[in-house]
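A closer look at the structure
Here are the chains, one letter per residue:
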Amino acid sequence: MSFPLLTATAALPAIGAIATAAVPAARRTAAKWLALLVSLATLVLAIVVAVRFEPGGDRYQLTESHSWISDFGVRYELGVDGIAVALIGLTALLIPFIILAGWHDADPSPSSSSRGYPKDRVDSRWRPTQGFFALILAVEAMVILSFEATDIFLFYVFFEAMLIPMYFLIGGFGDRAHEGGDKAAATQRSYAAVKFLLYNLAGGLVMLAAVIGLYVVAGSFSLQEIAAARASGSLEMATTTERLLFLGFFFAFAVKAPLWPLHTWLPNAMGESTAPVAVLITAVVDKVGTFAMLRFCLGLFPEASQWATPVVLVLALISIVYGALLAVGQRDIKRLVAYASISHFGFIVLGIFAMTSQGQSGATLYMVNHGISTAALMLVAGFLISRRGSRLIADYGGVQKVAPVLAGTFLIGGLATLSLPGLAPFVSEFLVLVGTFARYPVVGVIATLGIVLAALYVLVLYQRTMTGPVKPEVATMPDLKVRELVVVAPLIALLIFLGVFPKPLTDIVNPAIQHTMSDVQKTDPQPEVEAAK
């Protein structure tokens, strides 16, 4: 029996979460180091998965299959294609940086320390450090299992289960830079957490009905069995049934992604979270939604996916333009990044439903590159906010004169967000637009408006916070410290590396994209050449 590598990659952070939570209350630093070491070990396993994966081999590799709930045909089935490998790598890569960036986010509040409470004691007024890092590792385990699961019921379990630790991370460990005071901050955090939970639970409830309906029709929860039966013609679905099942799955994934008009929970959740948790939401958890559109919507319901494409493209366009317009008008730094992410998720969905290999390849790369660029921008923004104690853009000015390294890294993160050529997101956005234009030229032209608006909100944000006269409140602001540089520098290096050499990612992803194109029975449009006169 071969070593269960995929199980180990997900089980390690799960076990680490339990061990971190069990660390004695007085050993907060030990809990932090344990969580960091577990996340680094998980990254090593993710690298081993990528090395052992053969892009030209079987569609799903490193597979595992064991009986789970035999009476209902539920199995513990895991397997990865190139898309899953890339996103598992992204998740495992970002978690150590999230932990390092949030190193002090769950420490005792300054108000508690100032009242004379000893630093080695924890009471009800102190933030439970061990719980914070344990919850992050729990989310990592569930996200990785979601990318690995090829049993639809197993996927659904972890798709929903990750909401619980995320609810506590948003509601229990909110941003301290809140202008309304402790009571107002607690109220806003509670509202954001409940809204996040209710939206995603509603999507999950609809998906559960679709999962049950699919089992009734197909008699199996196995993605590979159902896809093979559909391809061979041994399983046929009535058109209406397939479309209803597609809508059930798509609704849940559109909430998670998030796609307009199901997006409104994201600005609240990111705005009230700490910067590392905000990165966990948009760079890690939300990717499960767009990944699932590729794996399940297109893989299981090819006819319904093509039927829904015109409406989905319109929703994606609205997300691109609407998110960017709202980002332009934001006064809050974190909410600006949240609305920018809504716009970027619109590009990802656009690439998926363009039904071209360039579009879907670009969408997959966009998931990875958006995760890295958003992490870089949001984490530097978090370092900035923690120094000034305010999320409002108007409270900053002239930061580049007193903290040039912070300002420089903030600029690079912003330029990556607007997809500057030479940085990783440019490749993704270019492929999405090329793939969309090849089949839907009008849609591709309208989508380019998002690029113009992105340049506007990013450059205006940098101008208002980093340039101009130095405001008195930022005159003594320290520059990035060693721990903060360790967080930011590798992310910037990756943005540059993947911007000039995306081949390692495309080699892994493209074979999986060809399988998806085969599922929906689509080929790339051929360029039209006018005959010589």
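Calculation criteria
Residues numbered from 1 in each chain as written. Predicted model: local features only at pLDDT ≥ 70, side-chain atom pairs only at ≥ 80, totals over all residues. Heavy atoms only, no water. Helix = DSSP H or I, 4+ residues; strand = E, 2+ residues; numbered from the N terminus. Rg over C-alpha atoms; globule rule 2.2 N^0.38 Å. Contact = heavy atoms within 4.5 Å. Areas by Shrake-Rupley, 256 points an atom, 1.4 Å probe, with all protein chains shown as cover. Axes fitted to C-alpha atoms, helices over the stretch in contact; angles between N-to-C directions. Left-handed = near helix turned anticlockwise from the far one by under 90°. Nonpolar A, V, L, I, M, F, W, Y, C, P; charged D, E, K, R; others polar. Buried < 20%, exposed > 50% of the residue type's maximum accessible area, 1.4 Å probe, protein only. Expected span 1.5 Å × (residues − 1). Bend = angle between axes of the 7 residues up to and from the residue. Phe/Tyr/Trp six-rings, centres within 6.5 Å; stacked < 30°, edge-to-face > 60°. Lys NZ or Arg CZ within 6 Å of the ring centre and 35° of its normal. Patch = residues over 30% accessible without salt bridge, like charges linked within 9 Å, V, L, I, M, F, W, Y side chains within 5 Å. Salt bridge = Lys/Arg side-chain N within 4 Å of Asp/Glu carboxyl O. Core = buried A, V, L, I, M, F, W, Y, C linked by side-chain atoms within 4.5 Å.

Overview of the overall build of the chain
- Broken down by element type, the chain carries 23 helices and two strands.
- Compactness check: the chain gives a C-alpha radius of gyration of 23 Å against a globular reference of 24 Å for 533 residues, within 12% of the reference.
- Expressed as lengths along the three principal axes of its C-alpha atoms, the size of the chain is roughly 70 × 65 × 40 Å.
- Relative to all contacts within the chain whose residues are 6 or more apart in sequence, the contacts with residues 24 or more apart total 82%.
- Summed over its atoms, the accessible surface of the chain is roughly 20,200 Å², and 65% of this surface lies on carbon and sulfur atoms.

Quick word on the packing of helix H9 (residues 223–232) against helix H13 (residues 287–300)
- With their axes 10 Å apart at the nearest point, H9 and H13 run at an angle of 35° to one another. Considering the relative orientation of H9 and H13, their crossing is left-handed. Counted together, Leu223, Ile226 and Arg230 of H9 and Arg295, Phe296 and Leu300 of H13 form the full contact between these two elements.
- Looking at the contact of H9 with H13 residue by residue, the classes come out as four nonpolar, no polar and two charged.

Here's the deal with helix H6 (residues 152–161)
- With seven of its 10 residues buried, H6 lies for the most part within the structure.
- All buried positions along H6 are accounted for by Ile152, Leu154, Phe155, Tyr156, Phe158, Phe159 and Glu160.

With respect to unusual backbone geometry
- Of the consecutive residues Ala257 and Pro258, the connecting peptide bond is found in the cis state with omega at -5°.
- For Pro258, the position within the fold is in the loop between helix H10 (239–256) and helix H11 (265–272).
- With an omega of 5°, the peptide bond between Trp260 and Pro261 qualifies as cis.
- Following the sequence through the fold, Pro261 ends up in the loop between H10 and H11.
- Phi at Met355 takes a positive value of approximately 60°, unusual for a residue other than glycine.

Looking at helix H23 (residues 503–519)
- Helix length check: H23 (17 residues) gives 24 Å between terminal C-alpha atoms against 24 Å at 1.5 Å per residue, within 8%.
- Taken as a whole, H23 carries its principal kink of about 30° at Val509; the proline Pro511 stands between one and four residues after it.
- Every buried residue of H23 is accounted for by Leu505, Thr506, Ile508, Val509, Ala512, Ile513, Thr516, Met517 and Asp519.
- Its buried side turned inward, H23 meets helix H3 (82–101), H13, helix H14 (302–328), helix H16 (357–388) and helix H22 (482–500).
- Of the residues trailing H23, Gln521 is marked for its positive phi of about 55°.

Here's the deal with the environment of Pro404
- Structurally, the position occupied by Pro404 is in helix H18 (residues 404–417).
- Taking C-alpha positions, Pro404 is 24 Å from Arg335, a pair spaced 69 residues apart along the chain.
- Residue contacts for Pro404: discarding those within four places in its chain leaves Val399 and Asp479.

Let's talk about the side chain of Lys32
- The topology assignment puts Lys32 in helix H2 (residues 28–52).
- Beyond its immediate chain neighbours, meaning those up to four positions away, Lys32 contacts Ile99, Trp103, His104, Asp107, Thr129 and Phe133.

Re the packing of aromatic side chains
- Taken as a whole and assessed by the stated rule, the structure comprises 22 aromatic pairs.
- Aromatic pair Trp33 and Trp103: ring centres 5.3 Å apart, planes at 80°, arrangement edge-to-face. A residue pair is termed long-range when its members are at least 10 positions apart, and Trp33 in helix H2 and Trp103 in the loop between H3 and helix H4 (110–114) qualify at 70 residues.
- With a centroid separation of 5.0 Å and an interplanar angle of 85°, the aromatic rings of Phe147 and Phe291 are classed as edge-to-face. Of this pair, Phe147 sits in helix H5 (residues 129–148) while Phe291 sits in helix H13; the two residues are 144 residues apart in sequence, bridging distant segments of the chain. No difference in accessibility class separates Phe147 from Phe291, as the two residues are buried.
- An aromatic cluster is built from Phe155, Phe159, Phe249, Phe253, Phe296 and Phe301, whose rings are joined through pairwise contacts.
- Here the guanidinium or amino end of Lys256 rests over the ring plane of Phe159, the centre of that ring lying 4.3 Å away.

Re a nonpolar patch on the surface
- Together, Ile212, Val216 and Val217 line one region of the surface with nonpolar side chains, adding up to about 260 Å² of accessible area.
- Taking relative accessible area as the criterion, Val217 reaches 32% and is therefore assigned partly exposed.

Considering the pattern of salt bridges
- Under the counting rule described, the total for this entry stands at eight salt bridges.
- For Arg243, the salt bridge identified is with Glu303, shortest N-O distance 2.9 Å. In this pair, Arg243 sits in helix H10 while Glu303 sits in helix H14, placing the two residues 60 residues apart along the sequence.
- Note on Arg243: relative accessible area 24%, which makes it partly exposed.
- When the shortest N-O distance is used, the salt bridge between Arg391 and Glu272 registers 3.6 Å. With a gap of 119 residues between them, Arg391 in the loop between H16 and helix H17 (399–402) and Glu272 in helix H11 connect regions that are remote in the sequence.
- Linked through salt bridges whose partners overlap, the residues forming this network are Glu272, Asp332 and Arg391.

As for the nonpolar core
- Counting 192 residues, the largest nonpolar core has Met166, Leu169, Phe249, Phe253 and Phe353 as the members making the most contacts within it.
- Setting aside chain neighbours within four positions, we find Phe253 in contact with Phe155, Phe159, Met207, Gly289, Ala292, Met293, Phe296 and Cys297.

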